[in-house]
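Residue-level structural notes
So the chains spell out like this:
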Amino acid sequence: MTAQQVVGVVQTSEFALEILPKIGGQDARDLRKNLVHMLIVTTGLDVAEGPGTTLSAQNTDLLECVIGFLLREMAALVRQGLATGYIGYSDDLAMLRGSLNVSRQFTKFAVNPSRVSCQFDELSKDIPINQFLKLALVKLKRLACSFENKKLLVQLEHAFADVSLVDRRAIRPGSIELDRRFLHYSNALKLAQLVLDSCYQTTSFGNYAGMSLLFEMNTLFEAYVAKLAHSVAATIGRRAKTQSPHRYLARDAQGLPAFKMIPDITVWEGERCDMVIDTKWKVIQTSSFSGSIASNIASSDVYQMLAYSEGYQPRRLVLLYPHDEKLEGAPGLRTSFNLPGGGAALEIWTLDVNQLNLVPQQLRRLIEN
């Protein structure tokens, strides 16, 4: 059995194809619920998991779930009052407002000063942060299928009527500074970026422009574990780092570093690297011939861990896989291998991602071991 490496939804006018991670024998509703939870954690969304969240994950596909989250976040912003900012305007008025545009006044109205060329600032909702959300709103109008989402879309269209629809290339969320006035926009911006940016791809199906919301499961699994490892490590006085620090395996003839190493997760105790964790979204099973799981582990993964052992000198090396129901025994430490050089042994661990509420507890056992 091989775990799917891509998950998400591909939608056209004719059908919606949903790809879910198939690990552990769960049904589609539970798989979708877990995937939504992992996305919430990895994107840093402050979304409370309650009956509404569970229901949306069970009764709609993943794309409709993301649409629903974003629309509810935008509706909450509207209830609080959309953010405003001062925008500069130039206009020819009957009387002076703001400051005088001297050059224009003494060229266009030099002979007939019946109008005054003015420059002034005006408080407006038509600011980049709202323009970015309106871009997402226009995209979602073509995609939403559920009655609740369509109803919210109609309400939000009216609320954003005074916000300009700008070119997508003219505005990026990275250019928007979330100062104290805009902190409550954080969730909505993250979801809008998810919709509009790299994870959101245009597909074609006849004359219909479909959409796909796809994630690499290996990347999502790594990001999910890393996010939780940071908080778990902090509770026991250690620090977890993601894809850092970068070290090099060798140096060339001129003494320059070569072959950069970028581990998934490192855990530090003071200034010492306590462990290196490399996550793999693959199913490992006991070999029917030898009774060992070694035949299911890629040699390239082991060579990579050997390089980390040399570069970081950790106390422990861990390859971490999702636990599958076909693997006998409980999730946790499965086996270990002695590596050449007398350094840390290579430990093989599995993590049960069917019950995500227990994942922090499993990671604590792993890190404390």
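Residues numbered from 1 in each chain as written. Predicted model: local features only at pLDDT ≥ 70, side-chain atom pairs only at ≥ 80, totals over all residues. Heavy atoms only, no water.

Going through the model one piece at a time under the given rule, you end up with eleven salt bridges. As a salt-bridge pair, K108 and D92 come within 3.9 Å of each other at their nearest N and O atoms. You can see K108 sitting in helix α4 (residues 102-108) and its partner D92 sitting in strand β3 (residues 85-93), a full 16 residues away along the chain. E368 is paired through a salt bridge with R364; the nearest N and O atoms lie 3.5 Å apart. Highlighted residues: E368 and R364, both in helix α10 (residues 359-368), separated by four residues, approximately one helical turn. What makes R364 partly exposed here is its relative accessible area of 33%. Overlapping salt bridges bring together D278, K280, K282 and D301 as one network. (Salt bridge = Lys/Arg side-chain N within 4 Å of Asp/Glu carboxyl O. Helix = DSSP H or I, 4+ residues; strand = E, 2+ residues; numbered from the N terminus. Buried < 20%, exposed > 50% of the residue type's maximum accessible area, 1.4 Å probe, protein only.)

In space, the three strands of this open sheet follow the order β3-β5-β4, with antiparallel pairing throughout. Of all strands in the sheet, those with a lone pairing partner are β3 and β4 (99-100), marking the two edges. Sheet topology note: the β4/strand β5 (residues 116-124) ladder contains two bridges and is antiparallel. Across the sheet, the residue bridging to S99 is Q119, located in β5. (Pairing = 2+ DSSP bridges.)

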